[in-house]
Amino acid sequence: ALAPPMAATVGPESIWLWIGTIGMTLGTLYFVGRGRGVRDRKMQEFYIITIFITTIAAAMYFAMATGFGVTEVMVGDEALTIYWARYADWLFTTPLLLLDLSLLAGANRNTIATLIGLDVFMIGTGAIAALSSTPGTRIAWWAISTGALLALLYVLVGTLSENARNRAPEVASLFGRLRNLVIALWFLYPVVWILGTEGTFGILPLYWETAAFMVLDLSAKVGFGVILLQSRSVLERVATPT
Ligand code: RET
(Lines give C-alpha, C1' and ligand atoms only; values in the text may rest on other atoms or scores of the structure.)
Protein backbone atom coordinates (compact mmCIF):
# COMPACT_ATOMS: atom_id res chain seq x y z
CA ALA A 1 0.00 0.00 0.00
CA LEU A 2 1.04 3.58 -0.59
CA ALA A 3 2.08 5.01 2.76
CA PRO A 4 0.80 8.50 3.49
CA PRO A 5 3.47 11.05 4.44
CA MET A 6 4.17 11.07 8.20
CA ALA A 7 1.08 9.02 9.01
CA ALA A 8 -0.69 9.42 12.32
CA THR A 9 -3.68 7.42 13.42
CA VAL A 10 -7.27 8.61 13.24
CA GLY A 11 -9.12 8.30 16.56
CA PRO A 12 -12.84 8.20 17.46
CA GLU A 13 -13.26 11.63 15.81
CA SER A 14 -13.34 9.70 12.52
CA ILE A 15 -17.15 9.45 12.91
CA TRP A 16 -17.38 13.22 12.20
CA LEU A 17 -14.98 12.92 9.28
CA TRP A 18 -17.17 10.20 7.74
CA ILE A 19 -20.29 12.31 8.25
CA GLY A 20 -18.40 15.16 6.55
CA THR A 21 -17.45 12.89 3.64
CA ILE A 22 -21.06 11.75 3.17
CA GLY A 23 -22.49 15.25 3.58
CA MET A 24 -20.12 16.79 1.01
CA THR A 25 -20.80 13.92 -1.42
CA LEU A 26 -24.58 14.29 -1.10
CA GLY A 27 -24.21 18.06 -1.54
CA THR A 28 -22.17 17.50 -4.70
CA LEU A 29 -24.75 15.10 -6.15
CA TYR A 30 -27.57 17.51 -5.33
CA PHE A 31 -25.83 20.42 -7.08
CA VAL A 32 -24.96 18.25 -10.10
CA GLY A 33 -28.61 17.15 -10.30
CA ARG A 34 -29.88 20.72 -10.12
CA GLY A 35 -27.28 21.97 -12.58
CA ARG A 36 -28.24 19.55 -15.34
CA GLY A 37 -30.26 21.37 -17.91
CA VAL A 38 -28.89 24.81 -17.05
CA ARG A 39 -27.95 26.22 -20.44
CA ASP A 40 -27.10 29.81 -19.64
CA ARG A 41 -23.29 30.26 -19.51
CA LYS A 42 -23.38 32.84 -16.75
CA MET A 43 -25.60 30.64 -14.62
CA GLN A 44 -23.44 27.61 -15.33
CA GLU A 45 -20.50 29.47 -13.75
CA PHE A 46 -22.18 29.36 -10.33
CA TYR A 47 -22.88 25.64 -10.67
CA ILE A 48 -19.35 24.78 -11.81
CA ILE A 49 -17.74 26.75 -8.97
CA THR A 50 -20.09 25.40 -6.29
CA ILE A 51 -19.80 21.80 -7.49
CA PHE A 52 -15.98 22.04 -7.29
CA ILE A 53 -16.24 23.38 -3.72
CA THR A 54 -18.10 20.35 -2.38
CA THR A 55 -16.17 17.88 -4.57
CA ILE A 56 -12.82 19.07 -3.18
CA ALA A 57 -14.21 18.98 0.37
CA ALA A 58 -15.62 15.45 -0.07
CA ALA A 59 -12.18 14.26 -1.27
CA MET A 60 -10.33 15.93 1.60
CA TYR A 61 -12.81 14.64 4.20
CA PHE A 62 -12.30 11.14 2.78
CA ALA A 63 -8.52 11.66 3.01
CA MET A 64 -8.85 12.68 6.66
CA ALA A 65 -11.27 9.86 7.58
CA THR A 66 -8.95 7.24 6.09
CA GLY A 67 -5.82 8.58 7.78
CA PHE A 68 -4.02 10.05 4.76
CA GLY A 69 -4.69 13.70 5.57
CA VAL A 70 -3.34 13.59 9.10
CA THR A 71 0.08 14.06 10.64
CA GLU A 72 1.71 14.55 14.04
CA VAL A 73 3.42 17.74 15.13
CA MET A 74 5.64 17.80 18.20
CA VAL A 75 5.08 20.89 20.32
CA GLY A 76 7.52 20.66 23.21
CA ASP A 77 7.14 17.05 24.35
CA GLU A 78 3.49 16.84 23.29
CA ALA A 79 2.44 15.18 20.02
CA LEU A 80 -0.47 17.03 18.36
CA THR A 81 -2.70 15.31 15.82
CA ILE A 82 -2.94 17.74 12.90
CA TYR A 83 -5.36 17.23 10.02
CA TRP A 84 -3.34 18.97 7.33
CA ALA A 85 -5.87 18.07 4.59
CA ARG A 86 -8.14 20.82 6.01
CA TYR A 87 -5.72 23.42 4.73
CA ALA A 88 -5.44 21.73 1.33
CA ASP A 89 -9.27 21.86 1.18
CA TRP A 90 -9.60 25.47 2.35
CA LEU A 91 -6.76 26.70 0.11
CA PHE A 92 -8.91 25.94 -2.94
CA THR A 93 -12.48 26.05 -1.64
CA THR A 94 -12.43 29.40 0.18
CA PRO A 95 -11.25 31.30 -2.95
CA LEU A 96 -14.04 29.54 -4.90
CA LEU A 97 -16.63 30.63 -2.31
CA LEU A 98 -15.37 34.20 -2.63
CA LEU A 99 -15.55 33.90 -6.42
CA ASP A 100 -19.23 32.90 -6.17
CA LEU A 101 -19.91 35.95 -3.99
CA SER A 102 -17.87 38.24 -6.27
CA LEU A 103 -19.71 37.14 -9.41
CA LEU A 104 -23.00 37.73 -7.64
CA ALA A 105 -21.91 41.21 -6.57
CA GLY A 106 -20.52 42.03 -10.01
CA ALA A 107 -17.08 42.84 -8.58
CA ASN A 108 -14.21 43.94 -10.82
CA ARG A 109 -10.93 42.08 -11.30
CA ASN A 110 -9.00 44.12 -8.71
CA THR A 111 -11.55 43.48 -5.97
CA ILE A 112 -11.63 39.76 -6.76
CA ALA A 113 -7.82 39.58 -6.75
CA THR A 114 -7.62 41.42 -3.43
CA LEU A 115 -10.16 39.12 -1.80
CA ILE A 116 -8.57 35.93 -3.10
CA GLY A 117 -5.06 37.16 -2.29
CA LEU A 118 -6.04 37.88 1.31
CA ASP A 119 -7.78 34.54 1.51
CA VAL A 120 -4.82 32.49 0.23
CA PHE A 121 -2.55 34.43 2.61
CA MET A 122 -4.96 33.62 5.48
CA ILE A 123 -5.03 29.87 4.76
CA GLY A 124 -1.28 29.72 4.06
CA THR A 125 -0.34 31.41 7.32
CA GLY A 126 -2.98 29.29 9.10
CA ALA A 127 -1.25 26.15 7.80
CA ILE A 128 2.09 27.45 9.12
CA ALA A 129 0.38 28.04 12.49
CA ALA A 130 -0.88 24.45 12.53
CA LEU A 131 2.53 22.97 11.69
CA SER A 132 4.64 25.21 13.98
CA SER A 133 6.42 23.55 16.87
CA THR A 134 6.30 26.12 19.68
CA PRO A 135 3.16 27.51 21.33
CA GLY A 136 4.44 31.07 20.83
CA THR A 137 4.96 30.78 17.07
CA ARG A 138 1.64 28.95 16.68
CA ILE A 139 -0.23 31.84 18.31
CA ALA A 140 1.76 34.41 16.35
CA TRP A 141 0.87 32.82 12.98
CA TRP A 142 -2.73 32.44 14.13
CA ALA A 143 -2.81 36.18 14.83
CA ILE A 144 -1.30 36.97 11.40
CA SER A 145 -3.88 34.73 9.73
CA THR A 146 -6.72 36.28 11.73
CA GLY A 147 -5.49 39.73 10.63
CA ALA A 148 -5.93 38.62 7.01
CA LEU A 149 -9.45 37.35 7.81
CA LEU A 150 -10.39 40.74 9.28
CA ALA A 151 -9.03 42.54 6.20
CA LEU A 152 -10.95 40.14 3.97
CA LEU A 153 -14.23 40.70 5.84
CA TYR A 154 -13.59 44.45 5.59
CA VAL A 155 -13.46 44.21 1.77
CA LEU A 156 -16.59 42.03 1.89
CA VAL A 157 -18.65 44.59 3.81
CA GLY A 158 -17.03 47.53 2.01
CA THR A 159 -16.25 47.33 -1.70
CA LEU A 160 -18.11 44.11 -2.45
CA SER A 161 -21.33 45.20 -0.72
CA GLU A 162 -21.12 48.53 -2.53
CA ASN A 163 -20.85 46.65 -5.86
CA ALA A 164 -23.86 44.53 -4.93
CA ARG A 165 -26.00 47.61 -4.28
CA ASN A 166 -25.80 48.42 -8.02
CA ARG A 167 -27.39 45.09 -8.93
CA ALA A 168 -31.08 44.27 -9.30
CA PRO A 169 -32.78 44.33 -5.86
CA GLU A 170 -33.30 40.55 -5.69
CA VAL A 171 -29.65 39.93 -6.59
CA ALA A 172 -28.53 42.44 -3.96
CA SER A 173 -30.71 40.76 -1.36
CA LEU A 174 -29.39 37.26 -2.14
CA PHE A 175 -25.87 38.68 -1.93
CA GLY A 176 -26.70 40.19 1.47
CA ARG A 177 -27.94 36.87 2.86
CA LEU A 178 -24.86 34.98 1.66
CA ARG A 179 -22.50 37.70 2.84
CA ASN A 180 -23.97 37.59 6.34
CA LEU A 181 -23.71 33.80 6.39
CA VAL A 182 -20.04 34.04 5.41
CA ILE A 183 -19.31 36.68 8.06
CA ALA A 184 -21.00 34.65 10.81
CA LEU A 185 -19.42 31.30 9.88
CA TRP A 186 -15.92 32.29 8.82
CA PHE A 187 -15.42 34.20 12.04
CA LEU A 188 -15.89 30.97 14.02
CA TYR A 189 -12.99 29.11 12.33
CA PRO A 190 -10.16 30.92 14.16
CA VAL A 191 -12.20 30.62 17.39
CA VAL A 192 -12.56 26.82 17.09
CA TRP A 193 -8.88 26.58 16.08
CA ILE A 194 -7.55 28.51 19.07
CA LEU A 195 -9.89 26.79 21.57
CA GLY A 196 -9.16 23.39 19.99
CA THR A 197 -6.09 21.20 20.04
CA GLU A 198 -4.21 23.48 17.60
CA GLY A 199 -4.29 26.34 20.10
CA THR A 200 -2.57 24.06 22.68
CA PHE A 201 -4.69 25.51 25.51
CA GLY A 202 -6.58 22.23 25.73
CA ILE A 203 -10.05 23.79 26.04
CA LEU A 204 -11.84 21.88 23.25
CA PRO A 205 -10.81 18.20 22.83
CA LEU A 206 -10.02 16.86 19.33
CA TYR A 207 -13.28 14.89 19.20
CA TRP A 208 -15.47 18.01 19.64
CA GLU A 209 -13.21 20.22 17.61
CA THR A 210 -13.55 17.83 14.65
CA ALA A 211 -17.36 17.88 15.08
CA ALA A 212 -17.38 21.69 15.17
CA PHE A 213 -15.28 22.04 11.98
CA MET A 214 -17.53 19.49 10.23
CA VAL A 215 -20.68 21.46 11.06
CA LEU A 216 -19.00 24.72 9.99
CA ASP A 217 -17.68 23.20 6.74
CA LEU A 218 -21.06 21.70 5.79
CA SER A 219 -22.85 24.99 6.51
CA ALA A 220 -20.25 27.14 4.74
CA LYS A 221 -20.19 24.93 1.63
CA VAL A 222 -23.41 22.94 1.24
CA GLY A 223 -25.60 25.46 3.13
CA PHE A 224 -24.07 28.31 1.13
CA GLY A 225 -24.54 26.43 -2.15
CA VAL A 226 -28.17 25.55 -1.42
CA ILE A 227 -29.03 29.20 -0.75
CA LEU A 228 -27.09 30.38 -3.82
CA LEU A 229 -28.41 27.86 -6.34
CA GLN A 230 -31.92 27.59 -4.91
CA SER A 231 -33.19 30.61 -6.61
CA ARG A 232 -33.01 30.24 -10.37
CA SER A 233 -34.94 33.42 -11.01
CA VAL A 234 -32.35 35.46 -9.10
CA LEU A 235 -29.43 33.85 -10.94
CA GLU A 236 -31.26 34.58 -14.18
CA ARG A 237 -31.15 38.25 -13.23
CA VAL A 238 -27.36 37.97 -12.85
CA ALA A 239 -27.22 36.31 -16.26
CA THR A 240 -29.18 39.10 -17.90
CA PRO A 241 -28.26 42.35 -16.13
CA THR A 242 -30.65 45.21 -16.73
C1 RET B 1 -7.53 29.25 10.54
C2 RET B 1 -6.49 29.27 11.66
C3 RET B 1 -5.71 30.50 11.73
C4 RET B 1 -6.57 31.69 11.86
C5 RET B 1 -7.70 31.73 10.89
C6 RET B 1 -8.18 30.59 10.27
C7 RET B 1 -9.33 30.77 9.38
C8 RET B 1 -9.93 29.87 8.63
C9 RET B 1 -11.11 30.08 7.85
C10 RET B 1 -11.56 29.02 7.16
C11 RET B 1 -12.71 28.96 6.39
C12 RET B 1 -13.08 27.81 5.85
C13 RET B 1 -14.25 27.56 5.09
C14 RET B 1 -14.37 26.34 4.59
C15 RET B 1 -15.39 25.94 3.72
O16 RET B 1 -16.30 25.29 4.04
C17 RET B 1 -6.85 28.75 9.28
C18 RET B 1 -8.56 28.23 11.02
C19 RET B 1 -8.29 33.08 10.61
C20 RET B 1 -11.81 31.38 7.82
C21 RET B 1 -15.26 28.60 4.86
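So, here is what we can say about the structure in this document. (Residues numbered from 1 in each chain as written. Predicted model: local features only at pLDDT ≥ 70, side-chain atom pairs only at ≥ 80, totals over all residues. Heavy atoms only, no water.)

**Observations concerning the site of the ligand**
Looking at the ligand, there are 16 residues lining it, with Ser 145, Trp 186, Tyr 189, Asp 217 and Lys 221 nearest. At a separation of 2.7 Å, an oxygen atom of the ligand approaches a polar side-chain atom of Lys 221. Within the complex, the protein chains bury 100% of what would otherwise be the 540 Å² of accessible surface of the ligand. Contributing elements (two or more residues each) for the shell around the ligand: helix H3 (85-105), helix H4 (109-131), helix H5 (135-165), helix H7 (188-195) and helix H8 (206-230). With four residues, the single largest contributor to the shell around the ligand is H5. Split into classes, the residues belonging to the shell around the ligand amount to ten nonpolar, four polar and two charged. (Near = heavy atom within 4 Å. Polar contact = N/O pair within 3.5 Å; in protein donor to acceptor, adjacent residues only side chain to side chain. Areas by Shrake-Rupley, 256 points an atom, 1.4 Å probe, with all protein chains shown as cover. Helix = DSSP H or I, 4+ residues; strand = E, 2+ residues; numbered from the N terminus. Nonpolar A, V, L, I, M, F, W, Y, C, P; charged D, E, K, R; others polar.)

**Some points on the packing of helix H6 (residues 169-186) against H7**
Contact geometry of H6 with H7 gives a least axis separation of 5 Å together with a crossing angle of 10 degrees. By the angle between their directions, the pair H6 and H7 is classed as roughly parallel. Where H6 approaches H7, its residues Ala 184, Leu 185 and Trp 186 are matched on the opposing element by Leu 188, Tyr 189 and Pro 190. (Axes fitted to C-alpha atoms, helices over the stretch in contact; angles between N-to-C directions. Parallel < 35°, antiparallel > 145°, perpendicular 65-115°, else oblique. Contact = heavy atoms within 4.5 Å.)

**Considerations on the packing of helix H2 (residues 41-65) against H8**
At their nearest, the axes of H2 and H8 sit 10 Å apart, and the two run at 160 degrees to each other. It follows that H2 is roughly antiparallel to H8 by the angle criterion. For H2 against H8, the interelement crossing comes out left-handed. Residue-level inspection shows Phe 46, Tyr 47, Thr 50, Ile 53, Thr 54, Ala 57 and Tyr 61 of H2 in contact with H8, the latter providing Phe 213, Met 214, Asp 217, Lys 221, Val 222, Gly 225, Leu 228 and Leu 229. Split by residue class, the contact of H2 with H8 holds ten nonpolar, three polar and two charged. (Left-handed = near helix turned anticlockwise from the far one by under 90°.)

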